[in-house]
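Residue-level structure breakdown
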Amino acid sequence: MTVAAYRSQILHVRADPRVVGADEAVQYFEDGLLVVEDGHIAQLGSFSKLEKTLSKDVSITTFENTLITPGFIDTHIHFPQTDIIAAYGEQLMDWLHSYTFPAEAAFADPAHAKSSARFFVDELLRNGTTSAMVFATVHATSVDALFDVALAKNMRLISGKVLMDRNAPKELCDGADHGYEDSIALIKRWRGKGRLNYAVTPRFAPSSSREQLEMASALMLSDPELRLQTHLSENIAEIKFTGELFPEARDYLDVYGRYGLLTDRSVFAHGLHLTDDAFERIAQAGASIAFCPTSNLFLGSGLFDIGRAEKAGAHVALGTDIGAGTTFSMLQTLRVAYKVGQLGGYSLDPFTSFYLATLGGAQSLGLADKVGHLTPGVEADFIVIDLAATPLIARRMNATKTLLEKLFVLTVLGDDRVIARTYLAGALAHERDSGRNVNLG
Ligand code: GUN
Ligand code: ZN
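The present account deals with the structure reproduced in this document. Keep in mind that what you see is a predicted model, and the values were worked out from it rather than measured. (Residues numbered from 1 in each chain as written. Chains lettered and ligands numbered in written order. Predicted model: local features only at pLDDT ≥ 70, side-chain atom pairs only at ≥ 80, totals over all residues. Heavy atoms only, no water.)

1. A word on the overall build of the protein chain
Put simply, the rule is: Only DSSP runs of H or I with at least four residues qualify as helices, and only runs of E with at least two residues qualify as strands; both kinds are numbered from the N terminus onward. Only C-alpha atoms enter the radius of gyration, while the globule expectation follows 2.2 Å times N to the 0.38, with N the number of residues. Buried residues are those whose accessible area, probed at 1.4 Å on protein chains only, stays under 20% of the maximum for their type, while exposed residues exceed 50% and partly exposed ones sit between those limits.
For the protein chain, the helix and strand inventory stands at 18 helices and 16 strands. Relative to the globule expectation of 22 Å for 441 residues, the C-alpha radius of gyration of the protein chain, 21 Å, shows essentially globular dimensions. Once the C-alpha set of the protein chain is aligned to its principal axes, its extents read approximately 65 × 45 × 40 Å. Put simply, the protein chain has 441 residues, and 59% of those count as buried.

2. Considerations on unusual backbone geometry
That bond from I322 to G323 is cis: its omega, 5 degrees, falls within 30 degrees of zero. Its location among the elements puts G323 in the loop between β13 (315-318) and α14 (330-343). Despite not being glycine, N65 has its phi angle at roughly 60 degrees, a positive value. Checked against the element boundaries, N65 lands in strand β4 (residues 60-70). For N65, a relative accessible area of 45% corresponds to the partly exposed category.

3. Let's talk about the coordination of the zinc ion (ligand 2)
What counts, and what does not: Each metal site lists N, O and S donors within 2.8 Å (3.2 Å for Na, K and Ca). With water left out of the atoms, a site can look as if it is missing ligands. Irregular is the default label, applied whenever a site is not tetrahedral (four donors, all angles between 85 and 135 degrees) and neither square planar nor octahedral (four or six donors, opposite donors over 155 degrees apart, all other angles between 65 and 115).
Donor atoms from the polypeptide that bind the zinc ion (ligand 2) are H76 (NE2), H78 (NE2), H231 (NE2) and D321 (OD), placed at 2.0 to 2.3 Å. Geometry at the zinc ion (ligand 2) is irregular, judged from the four donor atoms that bind it and their angles of 90 to 167 degrees at the metal. Counting the intervening residues between successive donors of the zinc ion (ligand 2) yields the motif H-x1-H-x152-H-x89-D. Here H231 lies in strand β10 (residues 227-232) and H78 lies in strand β5 (residues 72-78), a separation of 153 residues in the sequence. H78 sits in the buried class, given a relative accessible area of 2%. Note on H231: relative accessible area 6%, which makes it buried.

4. Digging into the packing of α14 against helix α18 (residues 403-413)
Condition: Note on geometry: axes are lines fitted to C-alpha atoms, helical ones only across the stretch in contact, with angles between N-to-C directions running from 0 to 180 degrees. Here the word oblique covers every angle except those under 35 degrees (roughly parallel), over 145 (roughly antiparallel) and from 65 to 115 (roughly perpendicular). A contact between two residues is defined here by any heavy atoms of the two lying within 4.5 Å. Nonpolar residues are Ala, Val, Leu, Ile, Met, Phe, Trp, Tyr, Cys and Pro. Charged residues are Asp, Glu, Lys and Arg, and all others, Gly as well, are polar.
Two numbers describe how α14 lies on α18: the axes approach to 6 Å, and their chain directions differ by 100 degrees. Between α14 and α18, the crossing angle belongs to the class labelled roughly perpendicular. Touching L331, L334, R335 and Y338 of α14 are F408, L410, T411, V412 and L413, all from α18. Residues that form the contact of α14 with α18 fall into these classes: seven nonpolar, one polar and one charged.

5. Let's talk about the site of ligand 1
Applied cut-off: To be near a molecule or strand, a residue needs just one of its heavy atoms within 4 Å of it. As used in this structure description, the phrase polar contact means that two N or O atoms lie within 3.5 Å; if the pair is within protein, one of them must be able to donate a hydrogen and the other to accept it, and residues adjacent in sequence are counted only when both atoms belong to side chains. The accessible surface values rely on the Shrake-Rupley method and a 1.4 Å probe; as for residues, cover is taken only from the protein chains in view.
Taken together, the neighbourhood of ligand 1 is formed by H78, Q81, L92, W95, L96, R203, F204, H231, E234, H270, D321 and A324. Between a nitrogen atom of ligand 1 and a side-chain N or O atom of D321, the distance comes to 2.9 Å. For ligand 1, the accessible surface in isolation is 280 Å², of which the surrounding protein chains cover 100%. The element that contributes the greatest number of residues to the shell around ligand 1 is helix α4 (residues 92-105), accounting for three residues. The class makeup of the residues in the shell around ligand 1 is five nonpolar, four polar and three charged.

Spelled out as structure tokens, the structure:
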């Protein structure tokens, strides 16, 4: 049995602060101790109380001027789009054809998929993201490449082969089997291996035939553990096109609803131009929306109405949506989420921000009993945030008087530079200053 203990400020969010109130939801220890045993959280509490209970041979790592939180959870990201971040000048449909599809076609080459997967996973860890729901490409080998790397890191990750069979280049379209055989083989190969899970991944309604959506539904019914990821109502031209392709559907969401894809295992990216009624149907189904603010602004897609989603009871978490998104950092994503909220008269409070980036994401992905918080018993995926990572952050942090202010400064000024360490199931998976240990006491 391996036991390790970490002393730092420690914070986690145990419920939605908007529902139960911040006092109940947020647990914070100014001088805390996190005890990890065999990859799981064994104890969490104040240093003075817990230290006495530890056996003498347990070594305590002390961090100075740091905050330990659960690792971030990114509920929507495309690993094959790392190389098209910052592609100039287009909105969604042209961006897909000009940049995205050519970049994804390159993943027919397993060597390219492998090297891209390695870079991608390292970048997640460098940014403090410990779990993600990830689009691969249409190629089964792209999923193999990503899962191979994630398994070697013992990362809790969900991905799936993209399903598409129309309105895309031929080489990216599934053949006569409509991707069914490939998906079944991938599910057999990967689901439940290590900490991996599989997501049925129809790209979006416009790139799937009715037959393919039916097949996606059959896949979802074949195994209750599978998740579903797709895009919904992102761009006005896309919504119009979807209406032309599926005139029988009441709206965009109804296309998925008709094929049994509106479920409590479904994550819909974007949801920018939804009616109240659609938000309510998402809430009733127990499905989730991945709010991807940097992508929504970059592609000029629109402003997500978090207040309206909240009122309808629709569950929302966060996605970076690389490569339409412009950062891997969930902290940078949170500050753009805040600004989008401001434009809609909604002030996203920092406790809710941390909830969205941790437990809220875990809930979207069906992982809340495993990650996203630091309750004893769950898996020890956590990060060490350096509260003095830059002169400006240190100066501004010094001037804060409350925990709320401190967290807000982190979301407005923080990025990969503040992520000192990332731990996966208790093992150190990323160290910013390897060899330097600037924050070790
Ligand atoms: N809609 C369909 N495919 C995509 C994609 O790759 N990125 C984004 N942002 N929207 C999509
Ligand atoms: Zn996307």
